[in-house]
Amino acid sequence: MFELMKKILSALLLLWFVPAATFVAKAQSFEDVYQLFQESKILNDHFVGFSLYDLNANKYVMDINGNKHFTPASNTKMYTTYAALALLGDSIPGLEYVERGDSLLIWGTGDPTFLHNRLDTRVVYNFLKNTNKRIFVVPGKMKNKFFAHGWAMEDFEAYYQPEISTFPIYGNVVTFRQKGYNYLSTSPASFQNSLDFLPEPKVGDFELSRSFRENSFWMSKRPVPSGYVNEVPFIYSDSLFIKLLSDSLGKSVTLLSYQKPSNTKILYSGSTKNLIREMMLPSDNFIAEQFLMMCSWKQFGQFDTYLVRDWMKNNVYKYFSAEVAIFDGSGLSSYNKVTPQNNVDLLVVLKNKLPDEKERFRLFPAGGVDGTLKRTYSKDLGEPFVFAKTGTITSVYNQSGYLITRTGRRLAFSFMNNNYIDDRASAIRKEMAKIITYIRQTY
């Protein structure tokens, strides 16, 4: 009798954990994977969703809370990726310009790569440096705020949250580098005079901070750690942009109010797919936000990223299995809400957009190889088998992407974890990798 009661209780627990709509699918296959979820202590103490879709058979093979909404964090960048592929074309617009006699008038396009310490192709810089014409910058009007809805104001000085702008420069951050026992150099160099010591001696670790209301930076009176590098966002303004551009070019640049003519030209700065990869692998928030700015400029002729979101809603999301609520391009916003099935919908759409598997997988971190999944997975049979975007903010850790099994099955998956105590993130990540690896080796 005792053994019978145990079996009944086990069956009831499984029914509680698995939505009724997916129980029929469970009975057909992947029962062992459902069992892994049921038996996982770490996955049963918070909100978990998992959707697994067979791309060859065009059907779900597993689903746990797949129709429930979660905070996606940087899984949002997959949606930004599709918008960029659909609206930008093959190349990044680096500059809009027109020549008038001895004058060169320029407009920003939202390109995040200009004078960026890792991304700049020098195409725009060389064009401006080598011209013999007087340069006039016509500022763009931005309907967006410098921070997106739902961003944490307390992170104003964090490297991962630079301000959004129409004509970014230096990635909209100041880069500080250790150059001596207690000395930091700045790039751009003009910020050197804006760096001072904290008014009172600090105890503990070295600290670098910025004033909330102005571009004043403070360092503690502690030895600068060897090799120290930090990026701190600056407060963007048109006047600051003019100063930084003039300094970098070594020539005068003037701010001008001017009605844009219809015969402007576009100078392209690089490859769209290459920049998507630069966004996706390290999960770069700044690139993601500026992608939406460029999409808005290209598609609608103005800087209003809500127009891009409406376009996605009317042309992409309306075909999805549930409502999509996304308020930024990076996933920093806590307002964003999507379901695991939404993520799978998006992965299928990306597959149709980029049917070349090698080309598509290049845009995602590869488990055991690069990006944010480099140390999460190990290769299996000498090759990566997971190509997925991570999403991490406080009490959120997600993975969504593509999985290749040993038998060659192509699967799309979304594995979402919300509302856990944050110090459990590492254990959750390991448990996810164990389950995904099991599916790889078993199916």
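Reading guide: rules and limits
Residues numbered from 1 in each chain as written. Predicted model: local features only at pLDDT ≥ 70, side-chain atom pairs only at ≥ 80, totals over all residues. Heavy atoms only, no water. Helix = DSSP H or I, 4+ residues; strand = E, 2+ residues; numbered from the N terminus. Rg over C-alpha atoms; globule rule 2.2 N^0.38 Å. Buried < 20%, exposed > 50% of the residue type's maximum accessible area, 1.4 Å probe, protein only. Contact = heavy atoms within 4.5 Å. Areas by Shrake-Rupley, 256 points an atom, 1.4 Å probe, with all protein chains shown as cover. Lys, Arg positive; Asp, Glu negative; His and termini not counted. Charge placed at Lys NZ, Arg CZ, Asp CG, Glu CD. Salt bridge = Lys/Arg side-chain N within 4 Å of Asp/Glu carboxyl O. Expected span 1.5 Å × (residues − 1). Polar contact = N/O pair within 3.5 Å; in protein donor to acceptor, adjacent residues only side chain to side chain. Pairing = 2+ DSSP bridges. Axes fitted to C-alpha atoms, helices over the stretch in contact; angles between N-to-C directions. Core = buried A, V, L, I, M, F, W, Y, C linked by side-chain atoms within 4.5 Å. Domains from an automatic or database assignment. 1 Å grid on protein atoms, 1.4 Å probe; cavity = no way out; pocket = protein on both sides within 12 Å on 5 of 7 lines; lining within 4 Å. Points joined across faces, edges and corners; volume = space filled by probe spheres on them. Arc of directions from axis to C-beta. Buried area = accessible area lost by both parts, 1.4 Å probe.

## Some remarks on the overall build of the chain
Scanning the chain from N- to C-terminus turns up 12 helices and 16 strands. The C-alpha radius of gyration of the chain comes to 24 Å, within 12% of the 22 Å expected for a compact globule of 443 residues. For the chain, buried positions account for 54% of its 443 residues. The long-range fraction of contacts in the chain, counting pairs at least 24 apart against all pairs at least 6 apart in sequence, stands at 66%. Just so you have it, the chain exposes about 20200 Å², and 51% of that area is on carbon and sulfur atoms. Between the centroid of the 51 positive side chains of the chain and the centroid of its 42 negative side chains there is a distance of 3 Å.

## What to know about the pattern of salt bridges
All told, the structure shown has 14 salt bridges when counted by the stated rule. Lys260 is the salt-bridge partner of Glu96, the closest N and O atoms lying 2.9 Å from each other. One end of the pair, Glu96, is in strand S3 (residues 91-100); the other, Lys260, is in the loop between strand S12 (253-255) and strand S13 (265-271), and 164 residues separate them in sequence. Lys260 gets classed as partly exposed once you look at its relative accessible area, which sits at 32%. Note that Arg440 is salt-bridged to Glu383, the shortest N-O span being 3.2 Å. Residue Arg440 is found in helix H12 (residues 425-442), and its partner Glu383 is found in the loop between helix H11 (357-361) and strand S14 (386-393); the two are separated by 57 residues along the sequence. With a relative accessible area of 1%, Arg440 lands in the buried category.

## Let's talk about helix H8 (residues 285-300)
Given a rise of 1.5 Å per residue, 16 residues ought to cover 22 Å, and the 23 Å separating the end C-alpha atoms of H8 matches this to within 8%. By the criterion of burial, H8 is predominantly enclosed, with 13 of the 16 residues buried. Put simply, Asp284 is the residue that caps the front of H8, since its side-chain oxygen is 3.0 Å from the backbone nitrogen of Phe286. Two residues or fewer after H8 comes Gly301, characterised by a positive phi angle close to 70°.

## Focus on the sheet that holds S3
Strand order across the open sheet formed by five strands is S12-S5-S4-S3-S13, with mixed pairing between neighbours. In this open sheet, the two strands that pair with only one neighbour each are S12 and S13. Neighbour-to-neighbour, the strand axes of the sheet open up by a mean angle of 30°, direction not taken into account. Relative to strand S4 (residues 103-107), S3 runs antiparallel, the two being bridged by five bridges. Each bridged residue has a counterpart across the sheet, and for Arg100 the counterpart in S4 is Ser103. Across the sheet, helix H6 (residues 238-249) touches S4, strand S5 (134-137) and S12, and the angle it forms with S12 is around 165°.

## Thoughts on the nonpolar core
Core analysis: the largest hydrophobic core is formed by 47 residues, its most contacted members being Tyr79, Ile276, Phe291, Tyr317, Phe364 and Tyr402. Considering each element in turn, this core owes the most residues, seven residues, to helix H4 (residues 76-87). Both domains that furnish three or more residues to this core are identified here as domain 1 (30-85 + 281-442) and domain 2 (86-280). By size, the runner-up hydrophobic cluster in this structure holds 36 residues, among which are Leu104, Leu195, Leu240 and Phe241.

## Considering the layout of surface pockets
Any space left empty among the atoms is revealed by the rolling of a water-sized probe across them. Put simply, the largest pocket is a space of about 860 Å³. Contributing to the lining of the largest pocket are 38 residues, with Tyr159, Tyr160, Pro282, Ser283 and Asn285 lying nearest its centre. Sorting the residues of the lining of the largest pocket by element identifies H8, S14 and strand S15 (396-404) as the ones contributing at least two each. Counting residues per element, the lining of the largest pocket draws most heavily on S14, at five residues.

## Considering helix H5 (residues 123-130)
By the burial criterion, the buried members of H5 are Val124, Tyr125 and Leu128. Projection of H5 onto a plane perpendicular to its axis shows the buried side chains occupying an angular sector of 100°, all on one side. Contacts made by the buried residues of H5 are with S3, S4, S5, H6 and S13.

## Some points on the domain arrangement of the chain
Per the domain assignment, the segments of the chain are domain 1 (30-85 + 281-442) and domain 2 (86-280). Summarising the inter-unit geometry, the C-alpha centres of domain 1 and domain 2 are found 30 Å apart. Across the contact, 48 residues belong to domain 1 and 43 residues belong to domain 2. Both faces combined, the contact of domain 1 with domain 2 buries some 4000 Å², and carbon together with sulfur accounts for 64% of it. Linking domain 1 with domain 2 are three salt bridges. For the salt bridge of Asp284 with Arg118, the shortest nitrogen-to-oxygen distance reads 3.3 Å. On inspection of domain 1 and its partner domain 2, the count reaches 24 residue pairs in polar contact (both at pLDDT 80 or more).

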